[in-house]
Amino acid sequence: MRLNDCDPGFKHEVAAEPGGEGIRACFACAACSARCPVGANRPDYDPRRLIRLTLLGRRDEVLSSPLIWLCSSCYTCGEVCPQQVRFTEVLTAIKNIAAREGHAPPSAKITAELLAKQGRLLEVTDFENDKRADLGLPPVEQRPGDFQAILGLKPAEGEAGEEPR
Amino acid sequence: MTNAQLDTPVLILGGGVAGLAAAVDLARRGVAATIIEREPRLGGRASQFCCKATEACARCGACRLGELLVQAAHLPQITIYTAALAVAAQPQGDGWRVELSPQPGGEIGPGPGRPLRERTTLNTQAVILAVGGEAFNPAGKTRFGHGRVDGVFSALELEAMLSQGALGPDGLAPAKVAFIQCVGSRDASLGRLWCSRVCCGYALRMGRVIRKLLPESQVTFFHMDVQDYGRAWEDELPELRKQMRFVRAMPGEVTAGDGRPEVTYALAGEQAIKEGFDLVVLSVGLGPPNGASALGELFGAAKDSDGFLTTDGGPAGVFVAGAAAGPRSLNESMVHGGLAASQAASRVASLTEARHG
């Protein structure tokens, strides 16, 4: 590894992202790695290693790694961490940077498309609303407008236009 | 009913090594002192500690308690009450007026001092708070299994086992021993951010004692990093690294395995593994004394950001010594007791001068 290939600003970039602040506190004690259920099934997935790579400034290696998308968000790392690093949140910050730079995997794109189209991952059909009507509940509407705004497909609500139904 | 009355130049709360060292130091300066100890006998935490010498003295300080007890018993300037508690205190003139209450169960124990028999009012010119710190209760770190998994002990329990000779060829002979460091120290999830400063030293020294007692045994030291634990510690490390396995990882958990505890940990660049040990020792840290707030209020002593007692900017004539003021080894507590003694002696001398001058 050459130090010249490292980006010393990367850790600050991650820390500036919502949820990424915790990276400053890591002691590299590996309690997270000891308990991570993803790591138990994928030898190459190691929270401590991802944090060290980030702190070292291996920006391209981290952002383009398929490993960062494997976290199951079970929060076990956060439970055992003595430093309250909240690795799940740190990884979300890293994933946000990666997604902005076009590193999101196909599954993340499909998820975003479903949210843009439906406002939720599962499409609302007559089946759900008939069941709700039987129970005396109001129908659920698909309101994808907010997600379209988040995804930059339309202006945010209140700025312009009427929410599509 | 009127209380019994006592006058003493210096009142020392706590008869552990810090309080005893302060009393002995004061006596050498010709200043009389009264020690009150809430337990039936003197010695405090140090009375449970084992000698950590192997070929040579490990300078742990455990044996110096005996020396202090003998001196405290023989120096005529020192008065000792055991099973006694300060229940009220108020500034009075140049000093303090302190109400002492006898504690139940105060039978005469072995060693110097006699139990306080009745409520007593004591007038003093200076007060030394030497009540010690409190070891972390490892049950508070549930994932390490203390009290739940057989074979998991706190380091204090290991101290007692070693000092009673429970480990060795004729006793318990664990083939594999693990020390887990920083249990209750440097842990933001517990709100205990400080390094306890003594744990690396006691764990490595007890590990070395175990290796001496049981040369076939294997000792593993799970740590985040090794902290300074006294003079020449860096010179000792290379030899200790040969005797023990240093693993730079905090275990994720300790679970009940097949008849013995199993430790889950991840080495750098490797997948997490479970490894069985015969004995898992949790190196518990030092925290503020129980009741620090109440004691602080009694004598107007503040707490620092970690909850330890401090008299910085506090009332005149109140000093803190030993682990009550922050994590300290036995040797450091004795030196700190000496410092408090010199401060108290100066105060007594200046008050005496003012009265006679």
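Bear in mind that the values here come from a model prediction, so they are computed numbers and not experimental data.

Asks: Can you walk me through a negative patch on the surface in this structure?
Replies: Residue and element names in this part refer to chain A. Side chains of Glu 123, Asp 126, Glu 128, Asp 130 and Asp 134 sit close together on the surface and give a patch of like negative charge. In this structure, Glu 123 sits in the loop between α8 (106-118) and α9 (126-134). Judged by relative accessible area, which is 44%, Glu 123 ranks as partly exposed.

Asks: Got a minute to help me understand the state of the cysteines in this structure?
Replies: Disulfides are covalent bonds that connect the sulfur atoms of two cysteines. Residue and element names in this part refer to chain B. For the coordinates displayed, the defined rule picks out zero disulfides over all chains. Of the cysteine sulfurs around Cys 195, a residue in no disulfide, the closest is that of Cys 200, at 6.6 Å. A relative accessible area of 27% means that Cys 195 is categorised as partly exposed.

Asks: Could you clarify how one ought to interpret the nonpolar core in this entry?
Replies: Looking at soluble globular proteins, one finds that nonpolar side chains tend to be buried together. All names here are of chain B. Grouped together as the largest cluster of nonpolar side chains are 55 residues, with contacts concentrated most on Leu 158, Phe 179, Ile 180, Leu 204, Ile 210 and Val 280. Among the elements of the structure, α3 (155-163), β10 (176-183), α4 (199-213), β11 (218-222), α5 (233-243), β12 (245-247), β14 (261-265) and β16 (279-284) are those that each provide at least two residues to this core. Here the element with the most residues in this core is α4; it accounts for eight residues. Residues within four places of Phe 179 in sequence aside, it is in contact with Leu 158, Ala 203, Met 206, Gly 207, Ile 210, Val 219, Thr 220, Phe 221, Phe 222, Val 281 and Ser 283. In terms of nonpolar packing, the next biggest core, distinct from the first, is built from 35 residues, Leu 20, Ala 23, Ala 72 and Val 348 among them.

Asks: Got a minute to help me understand the environment of A:Gly22 in this structure?
Replies: Residues and elements named next belong to chain A. Within the secondary structure, Gly 22 is located in the loop between α1 (10-16) and α2 (31-35). Here the alpha-carbon distance between Gly 22 and Val 85, two residues 63 residues apart in the chain, equals 4.2 Å. Sequence-distant contacts of Gly 22, that is, excluding residues within four places in its chain, are made with Val 85 and Val 90.

Asks: Is there a simple way to think about the sheet that holds β16(B) in this case?
Replies: Pairing between the strands of a sheet comes from backbone hydrogen bonds, and it takes one of two forms, parallel or antiparallel. All names here are of chain B. Spatially, the five strands line up as an open sheet ordered β9-β16-β10-β11-β12, and their pairing is parallel. Only two strands of the sheet have a single neighbouring strand rather than two, namely β9 (152-154) and β12. If you compare each strand with its neighbour and ignore which way they point, the axes differ by 20 degrees on average. Both β10 and β16 contribute to a ladder of five bridges, which runs parallel. Its bridge partner being in β16, Ile 180 is matched across the sheet by Leu 282. Set on the sheet, α4 makes contact with β10, β11, β12 and β16; between it and β10 the angle comes to about 175 degrees.

Asks: Looking at this model, I keep getting lost on the domain arrangement of chain A. Mind explaining?
Replies: How big an interface is tends to be expressed through the accessible area that disappears when the partners come together. Domain parsing of chain A yields domain 1 (3-100) and domain 2 (106-150). Spacing between the C-alpha centres of domain 1 of chain A and domain 2 of chain A amounts to 32 Å.

Asks: I would appreciate a short explanation of the packing of helix α1 (residues 17-28) of chain B against helix α2 (residues 64-74) of chain B in the present structure.
Replies: Two numbers describe a pair of packed helices, the interaxial angle and the distance between the axes. All names here are of chain B. Orientation of α1 relative to α2, taken along the N-to-C sense of each, is 45 degrees, at an axis distance of 10 Å. The pairing of α1 with α2 is recorded here as oblique in orientation. In this structure, α1 crosses over α2, and the sense of that crossing is left-handed. Where α1 abuts α2, its residues Val 17, Leu 20, Ala 21, Val 24 and Arg 28 lie against Leu 65, Leu 68, Leu 69, Gln 71 and Ala 72. Grouping the constituent residues of the contact of α1 with α2 by class yields eight nonpolar, one polar and one charged.

Asks: Could you clarify how one ought to interpret the interface of chain B and chain A in this entry?
Replies: Contacts between the two partners involve 21 residues from chain B, matched on the other side by 20 residues from chain A. Summed over both sides, the interface between chain B and chain A buries roughly 1,500 Å², with carbon and sulfur atoms accounting for 49% of that surface. On inspection of chain B and its partner chain A, the count reaches one salt bridge. Across the chain B-chain A interface, the total number found is eleven residue pairs in polar contact (both at pLDDT 80 or more). Considered class by class, the residues forming the side of chain B that touches chain A number ten nonpolar, five polar and six charged.

Asks: I keep staring at the pattern of salt bridges and nothing clicks. Help me out?
Replies: Pairs can form between side chains of opposite charge whenever their charged atoms are close. Residues and elements named next belong to chain A. Under the criterion given, the structure shown has 23 salt bridges over all chains. Here Glu 101 ties to Arg 59 by a salt bridge, and the two come within 2.6 Å at their closest N and O atoms. On the criterion of sequence distance, the pair formed by Glu 101 in the loop between α7 (87-100) and α8 and Arg 59 in helix α5 (residues 59-63) is long-range, its members being 42 residues apart. Overlapping salt bridges bring together Asp 7, Glu 13, Arg 59 and Glu 101 as one network.

Asks: Before we go on, may I ask you to explain a nonpolar patch on the surface in this structure?
Replies: Residues and elements named next belong to chain A. A cluster of nonpolar side chains, Met 1, Leu 3 and Leu 56, forms an exposed patch at the surface whose accessible area comes to about 350 Å². Along the polypeptide, Leu 3 turns up in the segment before α1. Judged by its relative accessible area of 67%, Leu 3 is exposed.

Asks: Explain the pairing of strand β7 (residues 120-129) of chain B to me, please; I cannot follow it from the model alone.
Replies: A regular strand carries its side chains on alternate faces of the sheet. Residue and element names in this part refer to chain B. Buried residues dominate β7, accounting for nine of its ten residues. Bridge count for strand β1 (residues 4-13) against β7 is nine bridges, and the pairing is parallel. Looking at the pairing, Ile 12 lines up with Ile 128 of β7. In this structure, strand β5 (residues 95-102) lies alongside β7, joined through five bridges in antiparallel fashion. Its bridge partner being in β7, Val 98 is matched across the sheet by Leu 122. Pairing of β7 with strand β20 (residues 318-320) involves three bridges; the strand directions are parallel. In the strand pairing of β20, Ile 128 is matched with Phe 319.

Asks: Help me out: how do you make sense of the layout of surface pockets in this one?
Replies: Space left empty within the atom packing is revealed by a probe, the size of a water molecule, rolled over the atoms. Residue and element names in this part refer to chain A. A volume near 580 Å³ is recorded for the second largest pocket. Around the second largest pocket, the lining is made up of 18 residues, and of these Ala 99, Ala 108, Lys 109, Ala 112 and Leu 151 lie nearest the centre. The set of elements that each furnish at least two residues to the lining of the second largest pocket consists of α7, α8 and α10 (145-150). Of all the elements, α8 adds the most residues to the lining of the second largest pocket, at seven residues. Looking at which domains feed residues into the lining of the second largest pocket, each of domain 1 (3-100) and domain 2 (106-150) gives three or more.

Asks: Sorry if this is basic, but what is going on with the domain arrangement of chain B here?
Replies: All names here are of chain B. Its domain assignment divides chain B into domain 1 (4-133 + 288-356) and domain 2 (135-286). Taken over C-alpha atoms, the centre of domain 1 sits 32 Å from the centre of domain 2. At the interface, 20 residues of domain 1 touch 20 residues of domain 2. For the domain 1 and domain 2 pair, buried surface summed over both sides reaches about 1,800 Å², with 60% attributable to carbon and sulfur atoms. Taken together, the connections running from domain 1 to domain 2 amount to three salt bridges. Its salt-bridge partner being Arg 59, residue Glu 236 comes within 3.7 Å of it at the nearest N-O pair. Taken together, domain 1 and domain 2 are joined by five residue pairs in polar contact (both at pLDDT 80 or more). Residues of the side of domain 1 that touches domain 2, tallied by class, amount to nine nonpolar, four polar and seven charged.

Thresholds, definitions, all that
Residues numbered from 1 in each chain as written. Chains lettered and ligands numbered in written order. Predicted model: local features only at pLDDT ≥ 70, side-chain atom pairs only at ≥ 80, totals over all residues. Heavy atoms only, no water. Patch = residues over 30% accessible without salt bridge, like charges linked within 9 Å, V, L, I, M, F, W, Y side chains within 5 Å. Areas by Shrake-Rupley, 256 points an atom, 1.4 Å probe, with all protein chains shown as cover. Salt bridge = Lys/Arg side-chain N within 4 Å of Asp/Glu carboxyl O. Lys, Arg positive; Asp, Glu negative; His and termini not counted. Charge placed at Lys NZ, Arg CZ, Asp CG, Glu CD. Helix = DSSP H or I, 4+ residues; strand = E, 2+ residues; numbered from the N terminus. Buried < 20%, exposed > 50% of the residue type's maximum accessible area, 1.4 Å probe, protein only. Disulfide = S-S within 2.5 Å. Core = buried A, V, L, I, M, F, W, Y, C linked by side-chain atoms within 4.5 Å. Contact = heavy atoms within 4.5 Å. Pairing = 2+ DSSP bridges. Axes fitted to C-alpha atoms, helices over the stretch in contact; angles between N-to-C directions. Domains from an automatic or database assignment. Parallel < 35°, antiparallel > 145°, perpendicular 65-115°, else oblique. Left-handed = near helix turned anticlockwise from the far one by under 90°. Nonpolar A, V, L, I, M, F, W, Y, C, P; charged D, E, K, R; others polar. Buried area = accessible area lost by both parts, 1.4 Å probe. Polar contact = N/O pair within 3.5 Å; in protein donor to acceptor, adjacent residues only side chain to side chain. 1 Å grid on protein atoms, 1.4 Å probe; cavity = no way out; pocket = protein on both sides within 12 Å on 5 of 7 lines; lining within 4 Å. Points joined across faces, edges and corners; volume = space filled by probe spheres on them.

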